[in-house]
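# Coordinate analysis (summary)
Here are the chains, one letter per residue:
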Amino acid sequence: MKKHFLAIDIGASSGRHIVGWLEDGAVQTKEVYRFPNGVAEQDSHLAWDVDALLSHVKEGIDRALERFPDIESLSIDTWGCDYVLLQGEDEIRPCYAYRDSRTEAIIDAVHEKIPFEELYARTGCQFQPFNTIYQLYDDLQKGRLEGVTDFLMIPEYLMWKLTGVKVREYTNATTTGLVNAETREFDSEIVRRLGLPEGLFPKLNQPGTAVGEYKGIKVVLCATHDTASAVEGIPMDGEQLYISSGTWSLLGVKSPAPLTDENSRLANYSNEGGVGYIRYQKNIMGMWVVNRLRDELCPDKPFPEIVRAAEESAFDGVVDANAQCFLAPESMKAAFDGTLSIRPESTGDYFCCAYRSLALSYRDAIRELEENTGKTYEKLYIVGGGAKNAFLNALTQEATGKEVIALPIEATALGNLKIQMEGVISC
């Protein structure tokens, strides 16, 4: 009798419930539920509706059980950095979103206590203004940590709501900027020097650890950071480059040990947890710019038509896709207009510019990666939403000189399922 497993994969714009099972030595999958996700403005801040997330998680589980009543286990992965604060069993709201600007005013204060050079040497975590370390320090300064007993990353929070058990998982914790790259546990020295409550940082659990049960289904930890699960789901031929292409483009390689040298810091490469390895990777801009342009310029136009218009455009202007102005602008079109010396004349021009700029950002990141690792790679595996874009893939192959292998698969869900199927994995 086949054993069925449920992967709940939640991204910044949507979530999906995917049931998987082994058949003839291969993993077969069936999507049983999909739901929207997104940030909302709350008191001049950007926040997540975690109540809606939980409701969708439970609804999707019920839908899965209707079709597959013998589900063995389930696990949840999401984006990194964001969390819910708890006072015992009581939640502190709002649950701020990483795109909120609340940390901008306190980054310098954090670096006055611990210079970023030292932070990077200890954690290997790339600088992003929304890293959890800055969010928590803002909470501390605003008094939001008074009486707080726990902070749970989003997947941990959702699994707690299902099981009543609080756990902390390694791969997602490495997105916080608070995990020591060598010990692979929270860094007590960083916690002490920032004055954060030490009780918020217990021992970390590895992917494969059992959490509890929900409606008779075992709840276990996958690699709860979605990119960590995605990398597990890529059928790579040896040690090669990868891009998990979604809202962000996560570009990197598997490494047996962290690289926390000065060149890696200056290139802003991160050392994040994998299942038995380090993901030496960089967060660079992804489909966020394309999606925002579509929302603004042609919300009803299907993506195949958008890509066709971009292919037909002769516009050769490019932007620095990783510039701060593209992170959360009120108008993505205005952000492009303000950066380009020659303004695009058509919708296709804007998308052509966006795709060409993304391909060049991949090229530059790969050059840095190869210099820092001292290795040259032949292949670049692309998974996620961007893998379906043949035009972008062709531009990427041309820009990077790498053989692009685009796999339009649910890599994150496959990695999530793989870990469940293999059971407890020691990292």
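This section reports on the structure supplied with the text.

Rules behind the numbers
Residues numbered from 1 in each chain as written. Predicted model: local features only at pLDDT ≥ 70, side-chain atom pairs only at ≥ 80, totals over all residues. Heavy atoms only, no water. Core = buried A, V, L, I, M, F, W, Y, C linked by side-chain atoms within 4.5 Å. Buried < 20%, exposed > 50% of the residue type's maximum accessible area, 1.4 Å probe, protein only. Helix = DSSP H or I, 4+ residues; strand = E, 2+ residues; numbered from the N terminus. Contact = heavy atoms within 4.5 Å. Pairing = 2+ DSSP bridges. Salt bridge = Lys/Arg side-chain N within 4 Å of Asp/Glu carboxyl O. Axes fitted to C-alpha atoms, helices over the stretch in contact; angles between N-to-C directions. Parallel < 35°, antiparallel > 145°, perpendicular 65-115°, else oblique. Nonpolar A, V, L, I, M, F, W, Y, C, P; charged D, E, K, R; others polar. 1 Å grid on protein atoms, 1.4 Å probe; cavity = no way out; pocket = protein on both sides within 12 Å on 5 of 7 lines; lining within 4 Å. Points joined across faces, edges and corners; volume = space filled by probe spheres on them. Expected span 1.5 Å × (residues − 1).

### Some remarks on the nonpolar core
- Membership of the largest hydrophobic core comes to 77 residues, with the highest contact counts inside it found for Phe336 and Tyr355.
- No other element matches the 12 residues that helix α13 (residues 347-373) contributes to this core.
- With near-sequence residues (within four places) excluded, Tyr355 lies in contact with Val290, Phe303, Ile306, Val307, Ala310, Asn389, Phe391, Leu392 and Leu395.

### Re the sheet that holds strand β9 (residues 95-96)
- Here we have 3 strands laid out as an open sheet, ordered β4-β5-β9, and antiparallel in their pairing. Looking along the sheet, the strands with just one partner apiece sit at the ends: β4 (40-42) and β9.
- Relative to strand β5 (residues 45-48), β4 runs antiparallel, the two sharing 3 bridges. Across the sheet, the residue bridging to Gln42 is His45, located in β5.

### With respect to the pattern of salt bridges
- All told, the structure shown has 33 salt bridges when counted by the stated rule.
- The closest approach of N and O atoms between Asp138 and Arg102, which form a salt bridge, is 3.0 Å. In this pair, Asp138 is assigned in helix α4 (residues 132-141) and Arg102 in the loop between β9 and α2 (107-113), connecting sequence segments 36 residues apart.
- The class for Asp138 is buried, based on a relative accessible area of 3%.
- Residue Arg102 is classed as buried on the basis of its relative accessible area, which comes to 9%.

### What about unusual backbone geometry?
- Going from Arg93 to Pro94, the amide bond is cis rather than trans, its omega being 5 degrees.
- Tracing the sequence through the fold places Pro94 in the loop between β8 (90-92) and β9.
- The phi angle at Ser44 is positive, at roughly 70 degrees, despite the residue not being glycine.
- Following the sequence through the fold, Ser44 ends up in the loop between β4 and β5.
- For Ser44, a relative accessible area of 65% puts it in the exposed group.
- Here the phi dihedral of Lys215 falls at roughly 50 degrees; this positive angle occurs in a residue that is not glycine.

### Brief notes about the packing of helix α11 (residues 303-312) against α13
- Where α11 contacts α13, the axes come no closer than 7 Å and their chain directions differ by 85 degrees. What the angle tells us is that α11 and α13 run roughly perpendicular. Contacts from Phe303, Ile306, Val307, Ala309 and Ala310 of α11 reach α13 at Gly348, Phe351, Cys352 and Tyr355.
- Here the contact of α11 with α13 is built from residues that sort into 8 nonpolar, 1 polar and no charged.

### Digging into the sheet that holds strand β1 (residues 4-10)
- Spatially, β3-β2-β1-β6-β12-β11 is the arrangement adopted by the 6 strands of the open sheet, whose pairing is mixed. Strands at the two margins of the open sheet, each flanked by one partner only, are β3 (26-36) and β11 (210-214). Each adjacent strand pair in this sheet contributes to an overall mean axis angle of 25 degrees, direction not counted.
- Bridge count between β11 and strand β12 (residues 217-220): 4 bridges; the pairing is antiparallel. Its bridge partner lying in β12, Tyr214 is registered against Ile217.
- Lying on the sheet, helix α1 (residues 50-67) is in contact with β1, β2 (14-23), β3, β6 (71-77), β11 and β12; it crosses β3 at an angle near 135 degrees.
- Each of β1, β6, β11 and β12 touches helix α5 (residues 154-163); the most contacted strand, β6, lies at about 145 degrees to it.

### Looking at empty space enclosed by the protein
- Under the definition given, this model contains 5 cavities of 30 Å³ or more.
- Thr123, Cys125, Tyr170, Thr174, Gly177, Val179, Asn180, Ala181, Asn271, Glu272, Gly273 and Ile278 are the residues that line the largest cavity.
- Residue contributions to the lining of the largest cavity peak at 3 residues, all from strand β15 (residues 270-273).
- Class assignment of the residues belonging to the lining of the largest cavity gives a composition of 5 nonpolar, 6 polar and 1 charged.

### Examining helix α15 (residues 411-422)
- Across its 12 residues, α15 extends 16 Å between first and last C-alpha, which sits within 8% of the 16 Å expected from 1.5 Å per residue.
- Those residues of α15 not exposed but buried are Ala411, Thr412, Ala413, Gly415, Asn416, Leu417, Ile419 and Gln420.
- Remark: Gly423 follows α15 within two positions and exhibits a positive phi of approximately 80 degrees.

Nothing here speaks to function; it is all geometry.
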